[in-house]
Amino acid sequence: MIKRIFLILLILILAASFFYFDLNQLLTLDGLKGSMAQFNEYKAQSPLLIIGGFFLLYVVVTALSLPGAAILTLAAGALFGLVQGLLVASFASSIGATIAFLASRYLLRDTIKQRFPERLAAIDAGVEKEGGFYLFTLRLVPIFPFFLINLLMGVTSIKTWTYYWVSQIGMLAGTFVFVNAGTQLAQIDSLSGILSFNLIVSFALLGFFPLIAKGVLNMFKKRRVYKNHTKPKKFDRNMIVIGAGAGGLVTSYIAAAVKAKVTLIEAGEMGGDCLNYGCVPSKAIIKSAKIADQIRHGENYGLENTVPQFSFKKVMARVQQVVADIAPHDSVERYTNLGVDVVKGYAKLVDPWTVEIKLNDGGMQTLTARTIVIATGARPFIPPLPGIEETGYVTSDTLWTKFAELEEAPEKLVVLGGGPIGSELAQSFARLGSNVTQIEMSDRIMGKEDLEVSTFAHQSLTDSGVNILTSHQAMRCEMRDGKKYIIVKHNETEIDIEYDELLCAVGRSARLEGYGLEALGIETNRTIVTNEYLETLYPNIFAAGDIVGPYQFTHVAAHQGWYAAVNGLFGNLKKFKVDYRVIPWVTFIDPEVARVGINEQEAIDKGIDYEITRFEFEELDRAITDSAAKGFIKVITPKGKDKILGVTVVSEHAGDLIAEFVLAMKHGLGLNKILGTIHSYPTWAEGNKYAAGDWKRAHAPETVLNWLEKYHTWRRD
């Protein structure tokens, strides 16, 4: 802070000295003309001293953003001629601009980053990709004040060297015009004579040069990418979508809605993993498990504690029935009626426009399309543990089929993984009678959440009967005397854990093989690599959903599906960057954990000056009536402001409660707006309003309230 204050004072002193010694009068056209004879005399006596002094003066004027840079550029031409003057003015202006840029970065960037972290992060992301290009464009157009460009670019993350050399090249054309004019100084009556309307228009047109150049480069890039492929003269379809999960369904639905001819290819079940193996069946079993737990703890509701009587086989049958009841929403028939051509089979890219389909009935079909969207999803990752294949395992995909055959829940179930999927299933099967051991290699489960949220989740699962082993690393699986064991390491000690079933829930990996990606050279790095428009190496091939990331959520896959459809069909007219600013996620343990935006640890990591508003559900009437008063709402805002940076909700119905905060963040609404919205009584949603009210009370205007107290006291007299 002291260094910053000293630098500000130094800048102010130098700027004040500039005006105090009337140097501003010297840096006018009349002042320059009147001093030329004397300067030429000095130059004849000490040429190197004059060049050096002039260079230093130019750097200082530019670095301090003082008026007169244009006059100095004229003077460079008048004093030193075109070539020498251009060299002096070009390097001096670029060095001075870079110093101004660095001063702005030092003085302003941290403050702006604290006040507007999200906006600056978005700007930095854009600058990282296109910063040099846009700076070059701005430097070519003199209608943008260069000192303002120096200040504004200083708060971005553009590299100093990039800023210098782009400025050096970008300002060269304008510098040349002024230096050349300076060689004819006697004929110049005003600066407007140099920077005429026609010249400004010319510079503005010149500013389009980088855009044109970028377009030409993109054209050549496309030609290079497609050079080994022959584009069909005519296409069978406008769009082909591979994969009928959330991403593929939304993409094909939108394409059909705008009357494009679209084919959706799916080898397995419509609806993808979410409907058939993930979100839907897991939520169905979570509900059954919760009811069983409520029966077991009937005293919480004024009833008797009772051991729940149920058939595990019937529970699993209900799960399959729930899937069957929802399946028509994603069925071949429904999408066919919507105008989508649904083909059941395995798709493989032959070239950037052609897809070869091995039909499920044994036939083959080949289709061409102007645009192709890959939405093949992800599968559970199986850790390469020695012995795991021999002893056997299930995943969140396969357990529904295998466990459906069981009369009772597995007696001894080991869940490998402490993330959302592992935690949800561990709690559910513990409540349904399994002796569950959950193994997590890190020091806590649900590690992406705040520490207190992880701790809360740990206690909730423990209360449900889950034996959680954190900081335990799975080493291998073994079969001994007909019994299965997993060996884990903890504090350099190996521990044997017996199990009947092993559930692997350590993450998911994108389905990348078998679609012809390798032969086409489409880049993959755990997922398909795309740009911000979801384009792959080939601009007509897009990817959406779990196969591209960065969030493996059904709602994000659907979100990306919209962008893939619109960019794929209308990208030649207008393309849209995918908006990931407000992404909610929910872990459906009991109580649920829902989050949107940043959590407290992320706020600390980003250096945000934040504050926390917290509401405990033990104060909410509806939570008390439901005997479910555990949990809280935690809102992160900038210091002294009601802008919502992030929210974590831990409670029953947290996944529903978070929606109001998602809407508020999406549309820039603060806590004051939530507080001013009527919420029905008695509902869980009131918790959101009370959290906003707690923020308001913490920021009550004490001075105004003191005056109001005096006013009311006076009114009583």
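Residues numbered from 1 in each chain as written. Predicted model: local features only at pLDDT ≥ 70, side-chain atom pairs only at ≥ 80, totals over all residues. Heavy atoms only, no water.

1. Thoughts on the sheet that holds strand S21 (residues 610-616)
Part 1: Pairing is antiparallel across the open sheet formed by five strands, whose spatial order is S19-S20-S23-S22-S21. The strands lining the two open edges of the sheet, one partner per strand, are strand S19 (584-587) and S21. Taken over all neighbouring pairs, the strand axes of this sheet differ in orientation by 10° on average, direction set aside.
Part 2: Note: S21 against strand S22 (residues 632-638), seven bridges, orientation antiparallel. Paired with Glu616 across the bridge in S22 is Phe632.
Part 3: Strand contacts of helix H27 (residues 686-698): S21 and S22, with the helix running at about 135° to S21, the strand carrying the most contacts. (Pairing = 2+ DSSP bridges. Helix = DSSP H or I, 4+ residues; strand = E, 2+ residues; numbered from the N terminus. Axes fitted to C-alpha atoms, helices over the stretch in contact; angles between N-to-C directions. Contact = heavy atoms within 4.5 Å.)

2. Digging into the nonpolar core
A general trend in soluble globular proteins is that nonpolar side chains are found buried together.
Part 1: With 34 residues, the main nonpolar core has Ile285, Leu399, Phe403, Phe429 and Val436 as its most contacted residues.
Part 2: Put simply, the parts of the chain that give this core at least two residues each are helix H14 (279-296), helix H15 (312-326), helix H18 (399-403), strand S8 (412-416), helix H19 (420-431) and helix H20 (451-463).
Part 3: When neighbours within four sequence positions are excluded, Phe403 is seen to be in contact with Phe312, Met316, Val394, Pro410, Leu413, Phe429 and Glu501.
Part 4: Ile242, Leu367, Ala543 and Val548 belong to the second largest nonpolar core, which has 29 residues in total. (Core = buried A, V, L, I, M, F, W, Y, C linked by side-chain atoms within 4.5 Å. Buried < 20%, exposed > 50% of the residue type's maximum accessible area, 1.4 Å probe, protein only.)

3. Notes on the pattern of salt bridges
A side chain with one charge can pair with a side chain of the opposite charge if their charged atoms come near.
Part 1: Tallied over the entire structure, the rule returns 29 salt bridges.
Part 2: Measuring nitrogen to oxygen at the nearest pair gives 3.0 Å for the salt bridge that ties Glu449 to Arg595. Here Glu449, found in the loop between strand S9 (435-439) and H20, pairs with Arg595, found in strand S20 (residues 592-597); they are 146 residues apart in sequence, far enough to count as distant.
Part 3: Glu449 gets classed as buried once you look at its relative accessible area, which sits at 5%.
Part 4: For Arg614, the salt bridge identified is with Glu452, shortest N-O distance 2.8 Å. Placement of the pair is Arg614 in strand S21 and Glu452 in helix H20, with a sequence separation of 162 residues. (Salt bridge = Lys/Arg side-chain N within 4 Å of Asp/Glu carboxyl O.)

4. Observations regarding H20
An α-helical turn contains 3.6 residues, so any two residues separated by three or four positions project in the same direction.
Part 1: Between its terminal C-alpha atoms H20 stretches 18 Å, which fits the 18 Å expected from 13 residues at 1.5 Å a residue.
Part 2: Among the residues making up H20, those that are buried are Val453, Ser454, Phe456, Ala457, Ser460 and Leu461. The arc that holds every buried residue of H20, seen down its axis, measures 160°, which confines them to one face.
Part 3: Against the buried residues of H20 lie H19, S9, strand S10 (467-469), S20, S22 and strand S23 (646-651).
Part 4: Looking at the residues trailing H20, positive phi occurs at Gly465, about 105°. (Expected span 1.5 Å × (residues − 1). Arc of directions from axis to C-beta.)

5. Focus: the sheet that holds S10
Part 1: What the five strands build is an open sheet, ordered S7-S14-S8-S9-S10; its pairing is parallel. Of all strands in the sheet, those with a lone pairing partner are strand S7 (394-395) and S10, marking the two edges.
Part 2: By the bridge criterion, five bridges tie S8 to S9 in an arrangement that is parallel. Across the sheet, the residue bridging to Lys412 is Asn435, located in S9.
Part 3: Sitting on the sheet, H19 is in contact with S8, S9 and strand S14 (501-504), with an inclination near 165° to S9.

6. Quick notes on the packing of aromatic side chains
Part 1: Inspection of every chain in the model, using the stated rule, returns 17 aromatic pairs.
Part 2: An angle of 25° between the planes, with centres 5.0 Å apart, marks the rings of Tyr226 and Trp353 as stacked. A residue pair is termed long-range when its members are at least 10 positions apart, and Tyr226 in helix H11 (residues 197-226) and Trp353 in the loop between strand S3 (341-351) and strand S4 (354-359) qualify at 127 residues.
Part 3: Its relative accessible area of 15% is what places Tyr226 among the buried residues.
Part 4: Taking the centre distance of 4.9 Å and the plane angle of 80° together, the rings of Trp562 and Tyr563 count as edge-to-face.
Part 5: For the cation-ring pair, Arg614 lies above Phe632, with the distance from its terminal atom to the ring centre recorded as 4.0 Å.
Part 6: Lying over the aromatic face of Trp707, Lys710 brings its terminal NZ or CZ to 4.9 Å of the ring centre. (Phe/Tyr/Trp six-rings, centres within 6.5 Å; stacked < 30°, edge-to-face > 60°. Lys NZ or Arg CZ within 6 Å of the ring centre and 35° of its normal.)

7. Quick look at unusual backbone geometry
Part 1: Residues Gly549 and Pro550 are joined by a peptide bond in cis, for which omega reads 0°.
Part 2: In this structure, Pro550 sits in the loop between strand S18 (541-543) and helix H22 (554-570).
Part 3: The peptide bond linking Tyr681 to Pro682 adopts the cis configuration, its omega dihedral lying at -10°.
Part 4: Even without a glycine there, the phi angle at Asn491 is positive, about 55°.

8. Examining the pairing of strand S12 (residues 483-490)
Part 1: Taken together, the seven bridges between strand S11 (residues 473-480) and S12 define a ladder with antiparallel strand orientation. When the bridges of S12 are listed, Gln473 appears paired with Lys489.
Part 2: Hairpin connection from S11 to S12: two residues lie between these consecutive antiparallel strands, with Asp481 at a positive phi of about 50°.
Part 3: Bridge analysis of S12 against strand S13 (residues 493-499) gives seven bridges, and the strand direction is antiparallel. Across the sheet, the residue bridging to Lys484 is Tyr499, located in S13.
Part 4: Connecting S12 to the next strand, S13, in antiparallel fashion are two residues, including Asn491 with a positive phi near 55°.

9. Considering the packing of helix H4 (residues 47-63) against helix H5 (residues 69-115)
Part 1: Where H4 contacts H5, the two axes come as close as 7 Å, and the packing angle between them is 45°. In terms of orientation, H4 lies oblique with respect to H5. For the pair H4 and H5, the crossing hand works out as right-handed.
Part 2: Split by residue class, the contact of H4 with H5 holds 23 nonpolar, five polar and no charged. (Parallel < 35°, antiparallel > 145°, perpendicular 65-115°, else oblique. Left-handed = near helix turned anticlockwise from the far one by under 90°. Nonpolar A, V, L, I, M, F, W, Y, C, P; charged D, E, K, R; others polar.)

By themselves, these figures tell us nothing about what the structure is for.
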